[in-house]
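The lines below spell out each chain.
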Amino acid sequence: MNALTVILLILSLVGNAVLTWFLLARRPTVQVPGPPHYVQVPVPGPVEYVEVPGPEVVREIPGPVQYVEVPGPEVVREIPVPGPERIVEVEVTRAVELPARSGPRFGAGPFPVAVPSAFPIGRDAAPDTVVDGVDLGHLHVRAGSQRGGRNRLDQRYRRDAFLTRIVPEFPRQVLLSAVAAGNPLGAWSHSAADVLVNSLAAQVGAFAEPLAHAMWEAHSPDTVSELLRSALRGTTGGLERLGHLRQAAPADVSADLLAALSPLGQSHSQTRRQLVFGTGSGAALLLRDGVWSEQLALGSRTAWSAERALPGGLELRWQPVDTRPGDLLALCTGATAELLARPDVGAYFAETWRVGAPDLTAFLHDLGVQAHGADTDRTLVCLWERG
C-alpha cells in the first residue's frame, strides 16, 4: 500500500466522520438496535412531536422527564455510519407537551395526558370530562366519563355517556344508573349513547310498576326478562329518530348499554338487591373485602359488534346482585372493565376504593389514572354501600 493510498483512506475516514457529525448535529437523533416500539430521544429547544417506527414514542425533554405520545405516519431516515450501530434520523414536525401528573402510572409510558391540548372537532362533540355524584343515605353514588388519550390526540370526541337518575314512577324510590358506549367508528356515537341512557330512563318509568313487582316479589325470571326486553326495545325508537334526523346508518347511531336498578331506603343492616342488565359489552364488577368479582359480563370487552348493540341488538342479559355494607358495585363500559381487569390497575383501585366513596374531586382524579395502553374512553358508575 503506497503513501497516496494511505492518505486517501485517512481523508475518506475523516470525511465520513465529519459528514456523520454534521448530520447528527442538524437534527435530533436516536440510536436503536432495531425497529423500536418505544425510544427516548433527547431534544433540545421547544417541545415538538417526534415520529418514529412503532405506535407510540417516549421522549425525554431537558429538565424533568415528560412523555409524548405520537400518532401518525413515520418520518424516518437511516444514516449509514462506520461500525455496527444503526442511526435513525427523526423528522421533527409539530409541537405537543404533556404536563407532568402526580399519582400512580401503570406499565411503560407513554400515558394519556391529564389535560387535553385541543377541543374535539366534529358536530357530535361533547365535553371532554363529566363527573357527578350524590350520597343517598347508605348508598353513595359516583359517576364519570372521560375522553380517552387516543381521541384527545386525534381531536375526536368522547363517545360514552352515563346517567344516574331517580325514577319517580316506581312505588318506592329507585335509582337508575346506566353507562353506554357508542360505536368507536360511528359518526354520531356520543349522541347515540346519550340518547340511549335518557331513553332508558323513560322506558323504565313506563314499566316501573310491573318491574317493581317482578323484581322484588319473587316473580318468575321469564317475567323479568320480558319486561326488561320491552324496556330496551322501547329505547330503539330514540336511536332510530336520531338516525333519521342525521341521515345516518344504524351503525352510526348504535351503542352498548349496561344499567342497574337500585331500591333506596333500606336500613343500614340490610342487604340491597340491585338488578343489573344490558346488552352489547360492558361488565358489572363487585368489590368486596378488597377483591373484585365479575357479577355480569355482557360480551367481549374489546371487540365492537354492531349486531349486539342497540338499536339492532337485543341480546339481553340480567342478574340480581345483593350488596351489603362495605361493598362497591361498579357499572363499567367494555373498555373500562378491561382496565379494571388488569392486575396492577385492579389492585390499585381495590385498595383505593375499599375505604368508601371519595369526594367528587378525588373520584375524578382516580378516573384519570395513567396506564399504558388504556387510551380509550373511560366511563363508569360506582355504587358504594356505606360500611
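Residues numbered from 1 in each chain as written. Predicted model: local features only at pLDDT ≥ 70, side-chain atom pairs only at ≥ 80, totals over all residues. Heavy atoms only, no water.

### With respect to the environment of Arg 165
(1) Moving on: Tracing the backbone shows Arg 165 in strand β7 (residues 160-166).
(2) Moving on: The exposure class assigned to Arg 165 is partly exposed, which follows from its relative accessible area of 37%.
(3) Moving on: Separated by twelve residues in sequence, Arg 165 and Ser 177 place their C-alpha atoms 6.6 Å apart.
(4) Moving on: Those residues within four positions of Arg 165 in sequence are excluded, and the remaining contacts are Val 174, Leu 175, Leu 176, Asn 198 and Ala 201.
(5) Moving on: For Arg 165, the side chain forms a polar contact with the side chain of Asn 198, separated by 2.9 Å. (Helix = DSSP H or I, 4+ residues; strand = E, 2+ residues; numbered from the N terminus. Buried < 20%, exposed > 50% of the residue type's maximum accessible area, 1.4 Å probe, protein only. Contact = heavy atoms within 4.5 Å. Polar contact = N/O pair within 3.5 Å; in protein donor to acceptor, adjacent residues only side chain to side chain.)

### Topic: helix α5 (residues 221-246)
Residue pairs spaced three or four apart in an α-helix point in one direction, given the helix's 3.6 residues per turn.
(1) Moving on: The first and last C-alpha atoms of α5 sit 38 Å apart over 26 residues, in line with the 38 Å expected at 1.5 Å per residue.
(2) Moving on: At the exit of α5 stands Gln 247, carrying a positive phi of roughly 55 degrees. (Expected span 1.5 Å × (residues − 1).)

### What about empty space enclosed by the protein?
(1) Moving on: Taken as a whole and judged by the stated rule, the model has five cavities of 30 Å³ or more.
(2) Moving on: Every residue along the wall of the largest cavity is listed here: Thr 336, Leu 339, Leu 340, Phe 349, Trp 353, Phe 363, Asp 366, Leu 367, Arg 378 and Leu 380.
(3) Moving on: Listing elements by their share of the lining of the largest cavity, those giving two or more residues are α6 (334-340), α7 (343-353), α8 (360-367) and β16 (378-385).
(4) Moving on: Its residues assigned to classes, the lining of the largest cavity comprises seven nonpolar, one polar and two charged. (1 Å grid on protein atoms, 1.4 Å probe; cavity = no way out; pocket = protein on both sides within 12 Å on 5 of 7 lines; lining within 4 Å. Points joined across faces, edges and corners; volume = space filled by probe spheres on them. Nonpolar A, V, L, I, M, F, W, Y, C, P; charged D, E, K, R; others polar.)

### Here we look at the pairing of strand β14 (residues 328-332)
(1) Moving on: Here β14 lies mainly inside the structure; five of its five residues are buried.
(2) Moving on: Neither face of β14 is left uncovered, since the one carrying Leu 328, Ala 330 and Cys 332 and the one carrying Leu 329 and Leu 331 both have all their residues buried.
(3) Moving on: Pairing of β14 with β16 involves five bridges; the strand directions are antiparallel. Each bridged residue has a counterpart across the sheet, and for Cys 332 the counterpart in β16 is Leu 380. (Pairing = 2+ DSSP bridges.)

### A closer look at the sheet that holds strand β13 (residues 317-323)
(1) Moving on: The strand order β7-β8-β9-β10-β13 describes an open sheet built from five strands, whose pairing is antiparallel. Each end of this open sheet is capped by a strand with a single partner; those strands are β7 and β13. Looking at each pair of strands side by side, their axes are set apart by 15 degrees on average, direction ignored.
(2) Moving on: Of the strand pairs in this sheet, strand β9 (residues 255-263) and strand β10 (residues 272-279) are connected by five bridges, and their pairing is antiparallel. Bridge pairing links Ala 260 to Val 276 in β10.
(3) Moving on: Each of β8 (174-182), β9 and β10 touches helix α4 (residues 208-216); the most contacted strand, β9, lies at about 70 degrees to it. (Axes fitted to C-alpha atoms, helices over the stretch in contact; angles between N-to-C directions.)

### Here we look at the packing of α4 against α5
(1) Moving on: Running from N to C, α4 and α5 point in directions that differ by 150 degrees, and their axes come no closer than 9 Å. In terms of orientation, α4 and α5 fall into the roughly antiparallel class. α5 is crossed by α4, and the crossing has left-handed handedness. In this structure, α4 uses Pro 210, Leu 211 and Ala 214 to contact α5, whose residues at the interface are Thr 223, Val 224, Leu 227 and Leu 228. (Parallel < 35°, antiparallel > 145°, perpendicular 65-115°, else oblique. Left-handed = near helix turned anticlockwise from the far one by under 90°.)

### Some details on the environment of Gly 280
(1) Moving on: Relative to the helices and strands, Gly 280 resides in the loop between β10 and β11 (283-288).
(2) Moving on: Along the backbone, Gly 280 and Ala 180 are 100 residues apart, and their C-alpha atoms lie at a distance of 9.4 Å.
(3) Moving on: Not counting residues within four places of it along the chain, the set of residues in contact with Gly 280 comprises Asp 256, Leu 298, Gly 299 and Arg 308.

### Quick look at α8
(1) Moving on: Restricting attention to buried positions, one finds in α8 the residues Phe 363, Asp 366 and Leu 367. All buried residues of α8 lie within an arc of 100 degrees about the axis, which places them on one face of the element.
(2) Moving on: In this structure, the buried side of α8 is in contact with β5 (129-136), β6 (139-146), α7 and β16.
(3) Moving on: N-capping of α8 is provided by Asp 359, with a side-chain oxygen placed 3.2 Å from the backbone N of Thr 361. (Arc of directions from axis to C-beta.)

Without other data, these values stay purely geometric and don't point to any function.
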